[in-house]
Amino acid sequence: MATDAITVEGLRKRYGDVQAVDGVSFEVERGEFYGILGPNGAGKTTTLEIIEGLREPDEGSVTVLGEASWPRNQALLPRIGVQLQSSAFFERLTAREQIHTFASLYGVPGGNADAMLEKVGLTEKAGVRAERLSGGQMQRLSIACALVHDPELVFLDEPTTGLDPQARRNLWDLLRDINAEGRTVVLTTHYMDEAETLCDRVAVMDHGRVLRVGPPGDLISELGVDSLEDVFLQLTGREYRE
Ligand SMILES: Nc1ncnc2c1ncn2[C@@H]1O[C@H](COP(=O)(O)OP(=O)(O)OP(=O)(O)O)[C@@H](O)[C@H]1O
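Bear in mind that the values here come from a model prediction, so they are computed numbers and not experimental data.

Draft legend 1. Representation of the sheet that holds strand E2 (residues 18-29) in the model. In spatial order, the strands read E2-E1-E4-E5; together these four strands make up an open sheet with antiparallel pairing. The open sheet is flanked by E2 and strand E5 (67-68), the only strands paired with a single partner. The pairing of strand E4 (residues 59-64) with E5 spans two bridges and is antiparallel. Bridging from a neighbouring strand, threonine 63 pairs with alanine 68 of E5. Against the sheet, helix H1 (residues 44-51) engages strand E1 (4-15), E2 and E4, with an angle of about 125 degrees to E1.

Okay, here's the thing in structure tokens:
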């Protein structure tokens, strides 16, 4: 459908004996804030990597912003942003140098990089080396680097893991702003309250399959429980652990 940002159909991926993704289909609408939830090993990262065009599926197809994501599609790269782990920062560079390096890779003017640093509240830390930033500051820098080329679609893999509650809430405001600007956001998270607060819809995965898709509030009332945490527990039979 023309309004879909992402269409995933019949995805399968096996690593040796492990069927990591076992027939996954779903759609993400343009402008949507979409969460992919599941216990460790559920197949979330593999699914995301296939959608991002970083991994070839054994079966199935993915359309991102109207284009096939495999074979790797160069035309898509400027249109999507992928939040890298902070360990992927260039060594010994300051926050400002990091984001300017990402900007130049995409041919983006340096002024935009400084504006992005300001947007994530890191202007005062611009001269600090990335490895000396706090956990929350590093996460904000990695999100800024993923956004510096103004992508339409952003993938965030556990953006608030390891942050204290206040830093998580600050980051939630930033993620809401990114989405309010019209960008589609796809998020994986280990925090059910985070998914409940931020996501328009979530897909709950386990054992390489999608068990259920819907707005958090609908899933909660359909299953007659009190929270997304309870939905997760009921569908997967497991607590959400890291
Ligand atoms: N490169 C690989 N080679 C072999 N097995 C892999 C590889 N990548 C993932 N797996 C296996 O595939 C399954 C799905 O892994 P995946 O990382 O996609 O799950 P996940 O839901 O992202 O888990 P987590 O929450 O722990 O990140 C797991 O059993 C994992 O051990």
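Draft legend 2. Structural detail: unusual backbone geometry. Look at the link from tryptophan 70 to proline 71: it is a cis peptide, with omega at -5 degrees. Topologically, proline 71 is positioned in the loop between E5 and strand E6 (80-82). Phi at arginine 92 is positive, roughly 65 degrees, even though this residue is not glycine. Topologically, arginine 92 is positioned in the loop between E6 and helix H2 (95-105). Here arginine 92 falls in the exposed class, since its relative accessible area comes to 54%. Located in the positive-phi region is histidine 207, a residue other than glycine, with phi close to 50 degrees.

Draft legend 3. Expanded view of the domain arrangement of the protein. According to the domain assignment, the protein contains domain 1 (1-65 + 152-242) and domain 2 (86-151). One C-alpha centre belongs to domain 1, the other to domain 2, and the line joining them spans 25 Å. Taken together, the contacts link 15 residues of domain 1 with ten residues of domain 2. Between the two partners, domain 1 and domain 2, sit two salt bridges. Between arginine 183 and aspartate 150 there is a salt bridge; the shortest N-O distance is 2.8 Å. Between the two partners, domain 1 and domain 2, sit four residue pairs in polar contact (both at pLDDT 80 or more). Contributing elements (two or more residues each) for the side of domain 1 that touches domain 2: strand E7 (153-157) and helix H5 (165-180). Here the side of domain 1 that touches domain 2 is composed, by residue class, of nine nonpolar, two polar and four charged.

Draft legend 4. Just the environment of valine 21, in detail. Here valine 21 lies in strand E2. Using a relative accessible area of 0% as the deciding quantity, one classes valine 21 as buried. The sequence separation of valine 21 and leucine 11 amounts to ten residues, and the corresponding C-alpha distance is 6.7 Å.

Draft legend 5. The site of the ligand, seen in detail. Around the ligand, the structure places Tyr15, Val18, Ala20, Pro39, Asn40, Gly41, Ala42, Gly43, Lys44, Thr45, Thr46 and His190. Within the side chain of lysine 44, one N or O atom sits 2.7 Å away from an oxygen atom of the ligand. Within the side chain of threonine 46, an N or O atom sits 2.6 Å from an oxygen atom of the ligand. Burial of the ligand by the protein chains amounts to 61% of its free accessible area of 630 Å². It is H1 that contributes the most residues to the shell around the ligand, three residues altogether. Residue composition of the shell around the ligand, grouped by class: five nonpolar, six polar and one charged.

Reading the values: rules and limits
- Residues numbered from 1 in each chain as written.
- Predicted model: local features only at pLDDT ≥ 70, side-chain atom pairs only at ≥ 80, totals over all residues.
- Heavy atoms only, no water.
- Pairing = 2+ DSSP bridges.
- Helix = DSSP H or I, 4+ residues; strand = E, 2+ residues; numbered from the N terminus.
- Contact = heavy atoms within 4.5 Å.
- Axes fitted to C-alpha atoms, helices over the stretch in contact; angles between N-to-C directions.
- Buried < 20%, exposed > 50% of the residue type's maximum accessible area, 1.4 Å probe, protein only.
- Domains from an automatic or database assignment.
- Salt bridge = Lys/Arg side-chain N within 4 Å of Asp/Glu carboxyl O.
- Polar contact = N/O pair within 3.5 Å; in protein donor to acceptor, adjacent residues only side chain to side chain.
- Nonpolar A, V, L, I, M, F, W, Y, C, P; charged D, E, K, R; others polar.
- Near = heavy atom within 4 Å.
- Areas by Shrake-Rupley, 256 points an atom, 1.4 Å probe, with all protein chains shown as cover.

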